[in-house]
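One-letter residues, chain by chain:
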Amino acid sequence: LEIKSVRKSFGSNEVLKGISFGIEAGEVVSLLGANGAGKSTLIKILSGAYSEFEGEVLMNGKPANISSPLTARTEGIETVHQKINEGIIYGLTVAENLLFDRIALGEVSNLASPAKMVRESKEIMKELNLNWDDETLSGDVFNLGIADQQLLLLARALSHKPSLLILDEPTAVLGPQDVESL
């Protein structure tokens, strides 16, 4: 990822003032700054939530088309946002939540049997060393604790094998043991 002179304003308030930096493959980077420093704004640009900005974003040396969350995914960018309730759909099962974006894109039928959704979910979980049983996967996602909801969102993002994974304060709602698990 390379970001070149990215600027973003909201009215007369310039939040990002020509941000430039790069991230190499396999590198882990943390963005640190005070509230209002623009971290979340930059994340929203990279995730496709904000499509209007100045500057350039490159993936693998080529201009990235990041005009929506779907185009961000096409570019290999997955984001797990800080607010869990923005990614969890209460009233659906854990398996349906894990497969939600695939269902929305028609990759998995929304008419698939609960057993098939559980099987597909287990394949994803196996790669990530998550061990939720069939009862948990078939149950309402509301029954999961906050830490497991966060892990569910992370598993959903990782299941797409992204080139760039963005975690927006993933440990903010977790206790010490859950942070270690994450």
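Going by the structure above, here's the rest.
These figures come from a predicted structure and were not determined experimentally. Counting of residues starts from 1 at the beginning of each chain's written sequence and follows it residue by residue. Two thresholds apply to this predicted model, a pLDDT of at least 70 for residue-level local features and 80 or more for giving and counting side-chain atom pairs, whereas whole-chain, interface and lining totals are computed over all residues. Calculation of side-chain values draws on the structure's entire complement of heavy atoms; hydrogens and water are dropped beforehand.

Caption draft 1: Structural context of the sheet that holds strand 2 (residues 13-22). The strand order across the open sheet formed by four strands is 2-1-3-4, and the pairing between neighbours is antiparallel. Strands with a single pairing partner mark the edges of an open sheet, and in this sheet they are strand 2 and strand 4 (62-63). Where strand 1 (residues 2-10) lies against strand 3 (residues 54-59), four bridges are found, and the strand directions are antiparallel. Its bridge partner lying in strand 3, Lys4 is registered against Glu56. Here, two residues are considered to be in contact whenever any of their heavy atoms come within 4.5 Å of each other. With axes taken as lines fitted to C-alpha atoms, and helix axes fitted only over the stretch in contact, angles between N-to-C directions fall between 0 and 180 degrees. Secondary structure elements are defined from DSSP: runs of H or I of at least 4 residues count as helices, runs of E of at least 2 residues count as strands, and each element is numbered from the N terminus. Each of strand 1, strand 2 and strand 3 is contacted by helix 1 (residues 39-47), which is oriented at about 115° to strand 1, the strand it contacts most. Paired strands, as defined in this entry, are two strands with at least two bridges between them according to DSSP.

Caption draft 2: Helix 7 (residues 146-158), seen in detail. The span one expects for a helix is its residue count, reduced by one, times 1.5 Å. If you check helix 7, its first and last C-alpha atoms are 18 Å apart, about what 13 residues at 1.5 Å a residue would give, namely 18 Å. Here the term buried applies to any residue with accessible area under 20% of the maximum for its type, exposed to any over 50%, and partly exposed to those in between, with areas from a 1.4 Å probe on protein chains only. In terms of burial, helix 7 is largely enclosed, as ten of its 13 residues are buried. Residues of helix 7 that are buried: Ala147, Gln149, Gln150, Leu151, Leu152, Leu153, Leu154, Ala155, Arg156 and Ala157. Packed against the buried residues of helix 7 are strand 5 (77-80), helix 3 (94-98), helix 4 (100-104), helix 5 (114-127), strand 6 (164-167) and helix 8 (176-181).

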